[in-house]
Amino acid sequence: MQKRTIRKIAILGSGIMGSRIACHFANIGVDVMLLDILPRELTADETAKGLTIDHPSVRNRIVNDALQATVKANPSALYRKSTAAKIKTGNFTDNLKDISDCDWVMEVVVENAEIKRKVFEQVEQFRKPGSLITSNTSGIPIHIMSAGRSEDFRKNFCGTHFFNPPRYLRLLEIIPGPDTDPSVIDFLMHYGDLHLGKTTVLCKDTPAFIANRIGVFSILSLFHQVEKSGLTVEEVDKLTGPVIGRPKSATFRTCDVVGLDTLVHVANGLKAGVPNDSKNAMFELPSYISKMVEQKWFGDKTKQGFYKKVKNEKGKSDILALDLKTLEYRPQVKAKFETLESTKTIDDLRQRLKVLIIGKDKAGDFYRESFYGLFQYVSERIPEIADEVFRIDAALEAGFGWEIGPYETWDLFDVPSTVKAMEAAGFKPAAWVYQMLEKGINSFYSIENGKKLYYDITSGKYQLIPGQENYVVLHPLRGTKTVWTNGGCNVIDIGDDVLCCEFNTKMNTMGSDVVMGVNKAIELAEKNYKGLVIGNDGANFSAGANLAMVFMMAIEQEYDEIDMAIRMFQQMNMRVRYSSIPVVVAPFGLTLGGGCEMTLHADKVQAHAELYTGLVEFGVGLIPGGGGTKEFALRFADGTKDGDIETNTLREKFLTIGQAKVSTSAAEAFDMGILKLGRDEISLNRSRLIADAKRAAIEMADAGYTQPIQRKDIKVLGKSGLGLIWVGANSMLSGHYISEHDQLISQKLGYVMCGGDLSAPSLVSEQYLLDLEREAFLSLTGEKKTLERIQSILTTGKPLRN
């Protein structure tokens, strides 16, 4: 079997998807050649400069403009802007010959089969034998594009369907052609998972593959359901968003973002492409959708769709909703349903869904019809689009952002009783579901020894989901492997003598339960285990300390209680740093405030690439009080080399906290000094994060890990540094850039980072800095303006600038 290494890739087509895919390959360190067509004529600006159509800047204008637009876009397609240097641009006419040294050639041109075939005809002239050739098509049959090509081309060719935006959406569908070498598929399934951070799903060469086939059916069937039920745009988005584990943009807002024209294009393709689908009529557009298309109300790209932003009489922006009966825009009306009200206190999605499906009001009727229709449809798509249930769930979860896929949801509702309810409602599932139940198997998934199995239709038995050896999934382990638990933490044995401490508070915020749990996890690990991982399977690692608790104690002026809480939080983080076993922290997503402070104290950090971390306490009128300020003072001291201008480095560290900077990636967290080069590592795939952290803990233990000694040699600048910070804060106040309260916080922060008002640079201990930090934090909790900021965050979610 050919040994493959991807050092260089050619991306053919620089549109939105092409440029974004190019950026993501650059993110992982691959050299990229991005090509597009030549322009047909000069722009007015080029003419004014006296350029000709043959000038190099003109010939590459289309590709360069597209790439620059992508690099400037927000959210960024790049982990850090400098990564764009990995991408070289060119055009098909001058540079297609250069694909001869590429290991992979990916076509991302317009969705037109004939145009793609012409591109591949040219590619075959220049590609090196054995190189990968793939298409990012979202639905054109793979066998059509490879027809007529050479044997070597066909065996190295398949579909690689990324979802937009490719950096952020985790799905990568791999679609073999009729002659694709199985080793090519194996390679891409592994490469996409390990190196691109994707959930790779093997698909059959059927229209729209898996995710779009099911996802677009779900949306179109909902369109028809709404037409019958009379539900409003706001009501549907309330019912189909986070409350059922779907994205915040729910249904209609998502259509506005993606573009109704895009959705309609896929729906029309499915209407024509799957004539034998029993639900083919669902791909017919309802009348109100057709009228919206006629009016070009496509959503954000045309400034109006299901929602429209307008200026009111006061000049402020209002977002109106479309009345689907009159097709006129009107002010939004808050959606309310008794069933939703009854689930407000249920944080666990799985438990919440069980309540929603039995609702007695209009919402309950909506859920039963939509879920029963979905379950029927996915059962009928096996074996047409996939042979295994887990592939359908994985595609919907990774491609459409569903927290729980359709088959796992069906399991939650109890398959046997749900099948009866579906029959009564006219949604009879496929025959194989009945055959499964006749065997006494009543669920599509099963947990055995902490591993997840799926019902395999061919064998009629449960089979292990492939690839699980690369992952540690906490959910299946909680039932049998939890060794300690309280209200805020679970301590779970994840095998090979390693424990994992996971948080389960709201937003994984850190209060007394988490402090107790982390300390207990370290205690248990020190007695009987090799190491500890601190990580979880939530939406985010941690939103930080429990601000509501701090606010209530401050309002009651319980300053001794605040002092004790901060002292315990500091001690917990110092315990993370100074224990007899390696502690690996595995942050991902939002890792703010206290979550960042815990990360700073780890023996090693195994971070997910999508890490949004920072010390954000300044925004609520405080300074980091759990050791974060101390740690930045320590890292300032360790990072200052002979010949460096110390005050410049101090200013940089100070502003990272003072401006509440948050990284937009793990790569930026390295640049900010939160992650350490040479020690910390990045996992591209979120699903691998806990397993990678576990591996790191084992490696450190096997290498002879010994408990570090607390530092007493931290150089601080004292008054010389403090003067710089005070002058800067005064200047910012005089220029009206900051408030008096910001000035006070700056002075407190500077006081800690400089080690107080010492007369000369001195060496101090970690405990000395922790005491200063705690005193400064405590004093700020007594400030009225700090309490106003905390209250604003708690009530509105927005910081108050006072």
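Structural data are supplied above this passage.
Here is a short report on the structure shown in this document. Everything numeric in this text was worked out from a predicted model, so none of it was measured. (Residues numbered from 1 in each chain as written. Predicted model: local features only at pLDDT ≥ 70, side-chain atom pairs only at ≥ 80, totals over all residues. Heavy atoms only, no water.)

1. Looking at the sheet that holds strand β7 (residues 171-176)
Spatial strand order, β3-β2-β1-β4-β5-β6-β7-β8: eight strands in an open sheet with mixed pairing. On the outer flanks of this sheet lie β3 (87-91) and β8 (199-202), each paired with one strand and no other. In this sheet, adjacent strand axes meet at a mean angle of 25 degrees when their direction is disregarded. Here strand β1 (residues 8-12) runs beside strand β2 (residues 31-36); their pairing, made up of five bridges, is parallel. In the sheet register, isoleucine 11 faces β2, and the bridge partner there is leucine 34. Lying over the sheet, helix α9 (residues 182-194) contacts β4 (104-107), β5 (132-135), β6 (157-162), β7 and β8, oriented at roughly 155 degrees with respect to β8. (Pairing = 2+ DSSP bridges. Helix = DSSP H or I, 4+ residues; strand = E, 2+ residues; numbered from the N terminus. Axes fitted to C-alpha atoms, helices over the stretch in contact; angles between N-to-C directions. Contact = heavy atoms within 4.5 Å.)

2. So, the side chain of threonine 629
Within the secondary structure, threonine 629 is located in helix α27 (residues 628-639). Those residues in contact with threonine 629 that sit more than four places away from it in its chain are Ile623, Pro624, Ile657, Leu749, Val752, Met753 and Glu773.

3. Some points on the sheet that holds strand β16 (residues 489-493)
An order of β15-β16-β17-β18-β19-β21-β23 is seen for the seven strands of this open sheet, with the pairing classed as mixed. Unpaired on one side and paired on the other, β15 (482-485) and β23 (681-683) mark the two borders of the sheet. Averaged over all pairs of adjacent strands, the angle between their axes in this sheet comes to 20 degrees, without regard to strand direction. As defined by bridge partners, β16 adjoins strand β17 (residues 498-503) across five bridges and the pair is classed as antiparallel. The residue of β17 that forms the bridge with cysteine 489 is phenylalanine 503. Its contacts with the sheet place helix α22 (residues 474-481) against β15, β16 and β17, and it is angled at close to 85 degrees to β16. Set on the sheet, helix α30 (residues 689-702) makes contact with β17, β18 (531-534), β19 (583-585), β21 (604-608) and β23; between it and β21 the angle comes to about 165 degrees.

4. Overview of the pairing of strand β10 (residues 317-323)
As paired strands, strand β9 (residues 307-311) and β10 are joined by five bridges and run antiparallel to one another. When the bridges of β10 are listed, lysine 309 appears paired with isoleucine 319. The turn joining β9 and β10, which pair antiparallel and follow one another in sequence, is formed by five residues; a positive phi near 85 degrees is taken by glycine 315. Pairing of β10 with strand β11 (residues 328-331), which is carried by four bridges, proceeds in the antiparallel orientation. Counted as the bridge partner of alanine 321 is arginine 330 from β11. The loop that links β10 with its antiparallel partner β11 comprises four residues; one of these, leucine 327, has a positive phi angle of about 55 degrees.

5. Considering unusual backbone geometry
Excluding glycine, a negative phi dihedral is what most residues carry, and trans is how most peptide bonds are arranged. Backbone torsion omega between asparagine 74 and proline 75 reads 5 degrees, so that peptide bond is classified as cis. The topology assignment puts proline 75 in the loop between α4 (61-72) and β3. Cis geometry is adopted by the peptide bond preceding proline 165, which originates at asparagine 164 and carries an omega value of 0 degrees. Tracing the sequence through the fold places proline 165 in the loop between β6 and β7. One non-glycine residue, alanine 250, lies in positive phi territory at about 55 degrees. By the element assignment, alanine 250 lies in the loop between α11 (233-239) and α12 (252-258). Judged by relative accessible area, which is 12%, alanine 250 ranks as buried. The backbone phi angle of methionine 507 is positive, close to 60 degrees, even though this residue is not glycine. As for its position among the elements, methionine 507 is in the loop between β17 and α23 (512-528). (Buried < 20%, exposed > 50% of the residue type's maximum accessible area, 1.4 Å probe, protein only.)

6. Some thoughts on the state of the cysteines
Note on terminology: disulfide describes a covalent bond linking the sulfur atoms of two cysteines. One pass over the full model with this rule turns up zero disulfides. Cysteine cysteine 102 remains unbridged, with the sulfur of cysteine 23 as its closest cysteine sulfur at 16 Å. Overall, cysteine 102 belongs to the buried group, its relative accessible area being 0%. (Disulfide = S-S within 2.5 Å.)

7. Considering the side chain of asparagine 540
Relative to the assigned elements, asparagine 540 resides in the loop between β18 and α24 (547-555). A distance of 2.9 Å separates a polar atom in the side chain of asparagine 540 from the backbone nitrogen of leucine 590. Those residues in contact with asparagine 540, other than ones at most four positions away along the chain, are Met507, Asn508, Phe588, Gly589 and Leu590. (Polar contact = N/O pair within 3.5 Å; in protein donor to acceptor, adjacent residues only side chain to side chain.)

8. Digging into the nonpolar core
The biggest cluster of nonpolar side chains holds 114 residues, and the ones touching the most others in it are Phe223, Phe252, Phe306, Tyr367, Ile392, Tyr407 and Phe444. Residue contacts for phenylalanine 223: discarding those within four places in its chain leaves Phe252, Cys255, Leu263, Pro286, Tyr288, Ile289 and Phe306. Counting 85 residues, the second largest nonpolar core, distinct from the first, contains Phe541, Phe551, Phe632 and Val752. (Core = buried A, V, L, I, M, F, W, Y, C linked by side-chain atoms within 4.5 Å.)

9. What about helix α33 (residues 766-781)?
Its 16 residues give α33 an end-to-end C-alpha distance of 23 Å, which sits within 8% of 22 Å, the value for a rise of 1.5 Å per residue. Taken together, the buried positions of α33 are Glu766, Leu769, Leu770, Leu772, Glu773, Arg774, Ala776, Phe777, Leu780 and Thr781. (Expected span 1.5 Å × (residues − 1).)

Keep in mind these values describe shape, not function.
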